[in-house]
Amino acid sequence: MKDPAVEIENLREELRRHEHLYYVLDEPQITDAEYDALMRRLRQLEDQFPELAAPDSPTQRVGGKPREGFVKVRHSSPMMSLDNALNEGELRDFDRRVRELLGGAAYRYVAELKLDGLSMAAHYRDGQFVQAVTRGDGTVGEDVTENARTIRSLPLRANTRLEAFETRGEAIMNRRAFDRLNAGRDERGLARFANPRNAAAGSLRVLEPQITAARRLDYFAYLLLTDGRTAYDSHWQSLEELSRMGFKVNPNRRLCANVEEALAFCAEWEARRNDLPYEIDGVVLKVDSVEQQRTLAFTAKAPRWAIAFKYAARQAVTAVEGIELQVGRTGALTPVARLRPVEVGGVTVARATLHNEDEIERLGLEIGDDVVIERSGDVIPKVVRVHALGSYRRKFQMPSQCPVCGGTVVREEGESARRCINTNCSARLKESILHFASRGVMNIDGMGEALVDQLVDRGIVASVADLYDLTAGKLLSLERMGPKSAANILRNIENSKSNPLPRVLTALGIRFVGERTAELLAEEFGGLDMIAAAGAEELQDAPEVGPKVAESVFQFFREPRNQELVNRLRAAGLRFEYQSARPSGGALDGLTFVLTGTLPTLTREEAKRLIEIAGGKVSGSVGKKTNYVVAGEDSGSKLAKARALGVQVVNEAQLLELIKIG
Ligand code: IVH
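From a predicted model like this one, the values you see are computed outputs, not experimental measurements.

A.B. asks: Describe the environment of glutamine 292, listing the residues and the values that go with them.
C.D. replies: Tracing the backbone through its elements, the reader meets glutamine 292 in helix H10 (residues 290-296). Sequence separation of glutamine 292 and glutamate 90 is 202 residues, and the distance between their C-alpha atoms is 21 Å. Non-local contacts of glutamine 292, meaning those with residues more than four positions away in its chain, are made with Leu102, Ala105, Ala106, Tyr107 and Val287. Engagement of the side chain of glutamine 292 in a polar contact is seen with the backbone oxygen of alanine 106, the distance being 2.8 Å.

A.B. asks: Outline the sheet that holds strand E20 (residues 592-596), listing residues and values.
C.D. replies: The 4 strands are arranged E21-E20-E22-E23 in an open sheet whose pairing can be described as parallel. Where the open sheet ends on each side, the last strands, each with one partner, are strand E21 (617-619) and strand E23 (648-650). With strand direction ignored, the average angle separating the axes of adjacent strands in the sheet is 35 degrees. Bridge count between strand E22 (residues 628-631) and E23: 3 bridges; the pairing is parallel. Considered in E23, the bridge of valine 630 is made with valine 650. Where helix H22 (residues 604-613) meets the sheet, its contacts fall on E20 and E21, and the angle it forms with E20 comes to roughly 170 degrees. Seen against the sheet, helix H24 (residues 652-659) touches E20, E22 and E23 and runs at an angle of roughly 130 degrees to E22.

A.B. asks: Run through the packing of helix H3 (residues 88-101) against helix H9 (residues 259-272), naming residues and quoting values.
C.D. replies: Contact geometry for H3 and H9: axes closest at 11 Å, N-to-C directions at 145 degrees. Note on packing geometry: the crossing formed by H3 with H9 is right-handed. Across the interface between the two elements, Glu88, Leu91, Arg92 and Asp95 of H3 pack against Val259, Glu260 and Leu263 of H9. When grouped by side-chain class, the residues that make up the contact of H3 with H9 number 3 nonpolar, no polar and 4 charged.

A.B. asks: How would you sum up the sheet that holds strand E10 (residues 253-256)? Please name residues and give values.
C.D. replies: If you walk across this open sheet you meet the 5 strands as E2-E12-E11-E3-E10, and the pairing is mixed. Strands with a single pairing partner mark the edges of an open sheet, and in this sheet they are strand E2 (84-85) and E10. Summarising the sheet, E2 and strand E12 (residues 306-310) pair through 2 bridges and their orientation is parallel. Along E12, the bridge assignment pairs alanine 85 with phenylalanine 309.

A.B. asks: Describe in detail the environment of asparagine 488, supporting the description with residues and values.
C.D. replies: Tracing the backbone shows asparagine 488 in helix H15 (residues 483-496). With a relative accessible area of 33%, asparagine 488 lands in the partly exposed category. Linking asparagine 488 and leucine 118, residues 370 residues apart in sequence, is a C-alpha distance of 46 Å.

A.B. asks: Pulling in residues and values, what's your account of the side chain of asparagine 492?
C.D. replies: Note on placement: asparagine 492 falls in helix H15. Taking the relative accessible area as the measure of exposure, asparagine 492 reaches 15% and is therefore buried. At a separation of 3.0 Å, a polar atom in the side chain of asparagine 492 contacts the main-chain carbonyl oxygen of aspartate 445. Not counting residues up to four positions away in its chain, the partners in contact with asparagine 492 are Ile444 and Asp445.

A.B. asks: Tell me about the pairing of strand E4 (residues 118-125), and name the residues and values.
C.D. replies: Burial runs high along E4: 7 of the 8 residues are buried. As defined by bridge partners, E4 adjoins strand E7 (residues 164-172) across 8 bridges and the pair is classed as antiparallel. Bridge pairing in E7 places tyrosine 124 opposite phenylalanine 165. By the bridge criterion, 6 bridges tie E4 to strand E5 (residues 128-134) in an arrangement that is antiparallel. When the sheet's bridge partners are listed, alanine 122 is paired in E5 with alanine 132. Joining the antiparallel neighbours E4 and E5 is a turn of 2 residues, in which aspartate 126 adopts a positive phi near 45 degrees.

A.B. asks: Can you break down the site of the ligand residue by residue, with the values?
C.D. replies: The local shell around the ligand consists of Met80, Leu82, Glu112, Leu113, Lys114, Leu115, Ser119, Glu170, Tyr222, Val284, Lys286 and Pro303. Contact distances for the ligand include 2.9 Å between a nitrogen atom and a side-chain N or O atom of glutamate 112. Lysine 286 places a side-chain nitrogen or oxygen 3.0 Å from a nitrogen atom of the ligand. Across the complex, the protein chains shield 89% of the 530 Å² of accessible surface that the ligand would expose by itself. Taken together, the elements giving at least two residues each to the shell around the ligand come down to strand E3 (109-115) and strand E11 (280-287). No other element matches the 4 residues that E3 contributes to the shell around the ligand. Among the residues forming the shell around the ligand, the class breakdown is 7 nonpolar, 1 polar and 4 charged.

The rules behind each value
Residues numbered from 1 in each chain as written. Predicted model: local features only at pLDDT ≥ 70, side-chain atom pairs only at ≥ 80, totals over all residues. Heavy atoms only, no water. Helix = DSSP H or I, 4+ residues; strand = E, 2+ residues; numbered from the N terminus. Contact = heavy atoms within 4.5 Å. Polar contact = N/O pair within 3.5 Å; in protein donor to acceptor, adjacent residues only side chain to side chain. Pairing = 2+ DSSP bridges. Axes fitted to C-alpha atoms, helices over the stretch in contact; angles between N-to-C directions. Left-handed = near helix turned anticlockwise from the far one by under 90°. Nonpolar A, V, L, I, M, F, W, Y, C, P; charged D, E, K, R; others polar. Buried < 20%, exposed > 50% of the residue type's maximum accessible area, 1.4 Å probe, protein only. Near = heavy atom within 4 Å. Areas by Shrake-Rupley, 256 points an atom, 1.4 Å probe, with all protein chains shown as cover.

This is the structure we're talking about:
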């Protein structure tokens, strides 16, 4: 048998290497499933040999227990902010001052992107990550160590001989994660985050590390300090060193010989900023030589050797000419402002979302008003505030009938959206099809808006299941459709049948069931029919599934129209069974357990983990599928039910015997 200590260390090394490849270098070499399998094996071993645990193990990213509050920590040296240059003239003024203060010596600048997030210091000792602190007021920040641990691009172990060092850098949320976070919040009727920076700050400063983990933050390091001072002679060299140590350092940086080159860098990135997956609000210029930085020194609040060249905010003022309504997949009516077209950051904007009626109220907006609009992480720009009241203002009224189908519109308690409740509404249907076919769901390439509009408007498709009955003949009757595109679409539809169960489940568009919940449900129940048959309480056996989600899933499968949809999708040949990525070969493979009462040595959580590691499942209620009930002291109704159903009852010792670790 292998030495577990050696296997554990090898697994950690392997996982660290893949994390670096994936999160820092963006060059994955293995699939997510392979990565998950390695991680699971490591967890299993660490659970089995708790004495071999280590704080810098890749398993330690999932975040510890919630905290009561944040501890205040004094920074090793002040975390300063930067002076701003708002235009070329101000940047040249800064350069002139630098030149004068350096008395004619040659100097260079390092130009870096100014990432729009929040600054955070990360401390390491003997190569291990030990503490993370937010900027706070610059002198004292908040200890966010447990939350920072969940940021995958922040190495828990750095490749260095330095005994102690600190990085300073920016924690950010990329646009995709931001859009996804807000979409989820819309679904649940929660307030949206205004921009990725607020979302990043809100996610790092939560008391539950699990929340930070789910929010997918990223960290770019831009300073390397030892004892609160810059560690190398040149800033450029520090950045290279940070990168070599395993940190994510923004690759879009340049060593500039003079201010002209620096200005060119600023202009270049202003034009390209939309191509980046995250937000920037300018460029930071730093004098490269650390000796020269010392000569230039600091003012009371900022270094004299650095400056932030700020891009103009992507905002503009324009008039709201009208408010239109969009009907979404769930029937939610979203008000959208029709604007007098205006250019914002190089793009002409004619519409801006208003999210819901509460938002219109909050803004105090009426049709005819002038508003400030902003383009940030969202694809659709948003209205920030009313700039001036219109001379002819008109209040907007949310309708009580759907603007598309005339169906009834209701606003349920605790929800911010009004919804059209007609499940036959063509707008809802179109959105459902687009969701079903979208990338990351069923991936039916070519099934875009123009095609879906035609398919629905001509009555060819009245349910997503009809997609699987499409023929070349039906498609060729449409406008702008040649034999080649028709064949492509039919092939893509055919290929979509091999998507795994979690995608099928996501595609159904059940409220609150996104990618992750779908995975967890599939993993727990093993098949669509089992999920559809499960009671609301049983559904909560799946990890992270609470009463609200369970109720939504339960109700979905009780609706006859949905049952018919599911049957038609089954007949079309979609995958309803789940091939688990869990390793098999455990002693309890395929067995279902129910825990009841107090066990003599194990907590319920521990018992559950042991069972799961051995390949078994733990369910909350006793039923026909239950293989064993593990009973401790004070077992109540579950024990009685087990006896009534003839389910085998075991005690803790017998359980351990089954797992073969007694
Ligand atoms: S250096 C003493 N580099 O901008 C130098 N800051 O307005 C301290 N920021 O608080 C900062 N990207 O949060 C630096 N590449 C970068 C940056 C950057 C974003 C932020 C940082 C800082 C703020 C100053």
